[in-house]
Amino acid sequence: MGGSEFGMVVLDPFVGTGNFLLRVMQEIPRSRLAQKYGGELHCNEVMLLPYYIASMNIEHLFYELTGEYKPFEGICLVDTFELAKGRQMRLLVAENTERVLRQQAQDIFIIIGNPPYNVGQVNENDNNKNRRYEVVDKRVAESYAKGSAATNKNALSDAYVKAFRWASDRIGEEGVVAFVTNNGFVDGLAFDGMRKHLAQDFDAIYILDLGGNVRKNPRLSGTTHNVFGIQVGVSIAFLVRRKGEAGKRNAEIFYSTVGEEWRKEEKYSFLERAQDILQTIEERHRIEPNPKHTWLMEGLQSNFDEFLPMGSKDAKAGRGDEAIFANYSPGLQANRDVWVYNFSANMLRENVQLFIESYNGEVNRWHTRSDRQADLDSFVLADANKIKWSSNLKGYLRQHRFATFAEDKIRTSLYRPFTRQHLFFDEILNHRQGQWPSFFPTPETEQSNRVIWLKVGAAWPMFALMVDRIADLLPESGSQCFPLYTYDEDGGNRRDNITDWALQGFRAHYSDERIGKLDIFHYVYALLHHPAYRERYAANLRRDLPRLPFAPEFWPFARAGERLAHLHVHYEAQPEYPLQWIESPNAPLDWRAEKLRLSKDKTQLRYNDFLTLSGIPETAYAYRLGNRSALEWVIDQYQVSTDKRSGITNDPNRADDPQYIVRLIGQVITVSMETVEIVQGLGPLEG
Ligand SMILES: C[S@@+](CC[C@H](N)C(=O)[O-])C[C@H]1O[C@@H](n2cnc3c(N)ncnc32)[C@H](O)[C@@H]1O
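Cut-offs used in this document
- Residues numbered from 1 in each chain as written.
- Predicted model: local features only at pLDDT ≥ 70, side-chain atom pairs only at ≥ 80, totals over all residues.
- Heavy atoms only, no water.
- Salt bridge = Lys/Arg side-chain N within 4 Å of Asp/Glu carboxyl O.
- Helix = DSSP H or I, 4+ residues; strand = E, 2+ residues; numbered from the N terminus.
- Buried < 20%, exposed > 50% of the residue type's maximum accessible area, 1.4 Å probe, protein only.
- Expected span 1.5 Å × (residues − 1).
- Pairing = 2+ DSSP bridges.
- Axes fitted to C-alpha atoms, helices over the stretch in contact; angles between N-to-C directions.
- Parallel < 35°, antiparallel > 145°, perpendicular 65-115°, else oblique.
- Left-handed = near helix turned anticlockwise from the far one by under 90°.
- Contact = heavy atoms within 4.5 Å.
- Nonpolar A, V, L, I, M, F, W, Y, C, P; charged D, E, K, R; others polar.

Caption draft 1: Structural context of the pattern of salt bridges. According to the stated counting rule, one finds 41 salt bridges in the structure shown. Here Glu407 and Arg349 are joined by a salt bridge, their closest N and O atoms 2.7 Å apart. Here Glu407, found in the loop between α16 (391–398) and β13 (410–416), pairs with Arg349, found in helix α14 (residues 345–367); they are 58 residues apart in sequence, far enough to count as distant. The class for Glu407 is partly exposed, based on a relative accessible area of 43%. Measuring nitrogen to oxygen at the nearest pair gives 2.6 Å for the salt bridge that ties Arg592 to Asp651. A residue pair is termed long-range when its members are at least 10 positions apart, and Arg592 in the loop between β21 (580–583) and β22 (597–598) and Asp651 in the loop between β28 (649–650) and α25 (660–680) qualify at 59 residues. With relative accessibility at 22%, the residue Asp651 sits in the partly exposed group.

See the structure below:
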């Protein structure tokens with residue numbers, strides 16, 4: 001962009017303090033700056049302070065470059081996304097409105113900037129949702145969201161996604177959009193539709209991925225490796241549109257990335273040195289998207305798509321049954337874990353009854369309010385000691401639905417691997433129950449039904465755990481759960497969830513009519529543990545639900561799966577691994593655990609002042625579930641914790657069984673050792 005003839009209108013729609021526009025001005029030949037300054041440089045800012053700072057910075061640079069002071073009339077105090085509406089409200093002062101109208105009338109050739117990015121409010125009680133934008137949100141919904149095959153599209157509500165949509169619509173039949181943003185859209189599951197539309201809306205796309213995603217790579221630190229010192233990855237995108245037929249484009253896509261472990265200083269100097277950044281990117285890597293609009297294919301195995309799908313949206317919707325499981329569901333999404341989960345049933349009862357009292361009080365207050373124009377978000381009680389709102393809960397309030405406490409809604413659940421907690425299972429107090437009311441409608445169904453709890457998504461390595469009760473959604477892109485049976489909500493009418501399609505497929509492939517649906521269920525469970533399967537298809541599993549091959553032999557897998565399932569469901573019945581118990585002579589006998597601490601070499605676990613457990617075998621750590629081993633899940637979960645916002649304490653120590661936790665540690669080590677042994681004994685994946 002530097003140095004070339006510069007007859008084009010430039011807009012930074014999120015100018016902040018103006019750094020980008022200042023760099024652009026420095027590129028403009030002195031002789032032409034005055035002319036441009038007056039009419040072809042524009043920027044917007046929604047916040048007053050950065051607006052003033054940017055004005056001053058830009059006017060000061062103009063003065064430095066020309067020796068002449070001139071007010072910069074290209075800056076507008078305006079919400080850029082509101083401009084999509086076309087019609088304009090009065091904006092503060094007439095002069096500002098005029099500037100906006102002048103900008104609106106311009107054909108913008110270059111949009112450059114660093115849009116804001118955040119996925120939205122952390123807590124509904126805070127009442128600081130991302131603003132809704134009628135036109136831009138609709139454009140995102142009808143293009144990026146509609147074009148996505150993802151289940152969870154929440155990431156598309158991020159402000160930078162709106163910025164791409166807005167800018168793509170704002171530039172004319174030709175132009176350039178250059179944004180520095182979160183790099184999530186380059187590879188994220190929910191962004192397949194966005195990648196599809198970007199490729200249709202532009203003729204060339206250049207991505208320089210500056211990495212630094214600490215969540216994806218815990219070895220990185222935001223302050224050291226991220227160019228902005230933040231937790232999410234950053235990328236620079238140049239989108240080029242040439243004159244041509246709208247929607248008929250098929251962009252050439254070029255992608256380049258810096259070293260994964262580069263420090264931010266190395267990235268800065270790389271950018272400084274890159275004379276022609278587009279050429280640098282072009283030289284690196286031309287991308288041929290696959291039919292799923294995936295851009296980064298590294299590690300993706302094409303034969304994965306030939307395998308049997310564990311689940312599919314079509315099978316789930318009853319459109320055919322070409323999947324192993326007819327139905328599946330995300331884990332239970334509470335959105336108020338501290339209120340509806342607790343190790344203590346009594347504590348849970350107390351918390352839930354307080355919550356219900358607060359909620360019902362608000363239902364009453366809203367439906368008897370005098371000010372009928374009141375805004376619900378600002379009307380409701382926001383006291384985190386009494387309630388935790390979610391969009392669904394506000395929906396029930398609007399419907400005048402009261403919540404009710406009932407003893408039989410208190411169920412035991414798996415909150416995390418090998419972590420049983422009591423759960424208040426209720427349609428109103430749980431944000432999303434998914435299909436759980438038909439998986440475990442009653443405690444009795446926990447005797448016969450089993451569910452494969454699968455960690456999905458890119459954030460953690462995939463894992464599967466067999467459970468016999470309701471399981472949680474899990475953080476970081478969640479989980480999907482596959483039951484053996486489904487029931488009516490009264491617990492009757494049990495149905496197989498393994499499809500006849502799968503049964504016929506397995507029997508035909510192995511020419512073995514003895515194969516039953518339970519055997520297939522166990523076969524699947526074993527195969528999901530197969531180290532070669534996990535390693536070879538890791539990239540595919542980060543993107544899609546598992547698809548499973550026919551291994552050369554069926555029964556060894558089915559039997560191994562059955563053993564693993566029994567071990568994992570009945571982990572509390574396993575013998576304890578023989579650890580040495582080192583009792584401190586200086587502390588009284590005490591089975592209470594506040595916070596368990598592993599020694600540096602992980603061979604010892606300090607249980608409390610009285611007891612240290614020694615002789616933890618290294619192999620136990622080889623049984624990993626996502627980003628932790630089974631034992632480390634217990635160590636992480638079985639600690640006394642108090643939630644800062646609500647003040648709610650969750651104490652895993654059991655008055656009725658004081659040695660439960662110390663026993664559990666030994667049992668989970670046994671489970672880990674046996675799991676590793678069974679998994680290492682699994683046969684080859686291919687003949
Ligand atoms: C990431 S910062 C940009 C920083 C900028 N590049 C700089 O050099 O300082 C994004 C800026 O966009 C502004 N902003 C956020 N949403 C906006 C909107 N809808 N319209 C206009 N400006 C917006 C924010 O106030 C913030 O100053």
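There is more to say after this.
Caption draft 2: Local environment of unusual backbone geometry. Notably, Ser511 is not glycine yet its phi reads approximately 40°, a positive angle. Mapped onto the fold, Ser511 is located in the loop between α19 (500–510) and α20 (517–527). For Ser511, a relative accessible area of 67% translates into the label exposed. Of note, Lys602 is a non-glycine position whose phi angle comes to about 60°, a positive value.

Caption draft 3: Layout of α25. For α25, which comprises 21 residues, the first-to-last C-alpha distance of 30 Å matches the rise-based estimate of 30 Å (1.5 Å per residue) to within 8%. Most of α25 sits inside the fold, with 16 of its 21 residues counted as buried.

Caption draft 4: Seen up close, the sheet that holds strand β12 (residues 341–342). Judged by pairing direction, the sheet is antiparallel, and its three strands sit side by side in the order β12-β14-β13 without closing on themselves. Strands at the two margins of the open sheet, each flanked by one partner only, are β12 and β13.

Caption draft 5: Region of the structure containing the packing of helix α6 (residues 159–170) against helix α8 (residues 192–201). Relative orientation of the contacting elements α6 and α8 amounts to 20°, with a least axis distance of 11 Å. Viewed along their axes, α6 and α8 adopt a mutual orientation that is roughly parallel. Crossing geometry of α6 relative to α8 is assigned as left-handed. When α6 is examined against α8, the residues Val161, Phe164, Arg165 and Ser168 are found in contact with a partner set consisting of Met194, His197, Leu198 and Asp201. In terms of residue class, the contact of α6 with α8 is built from four nonpolar, two polar and two charged.

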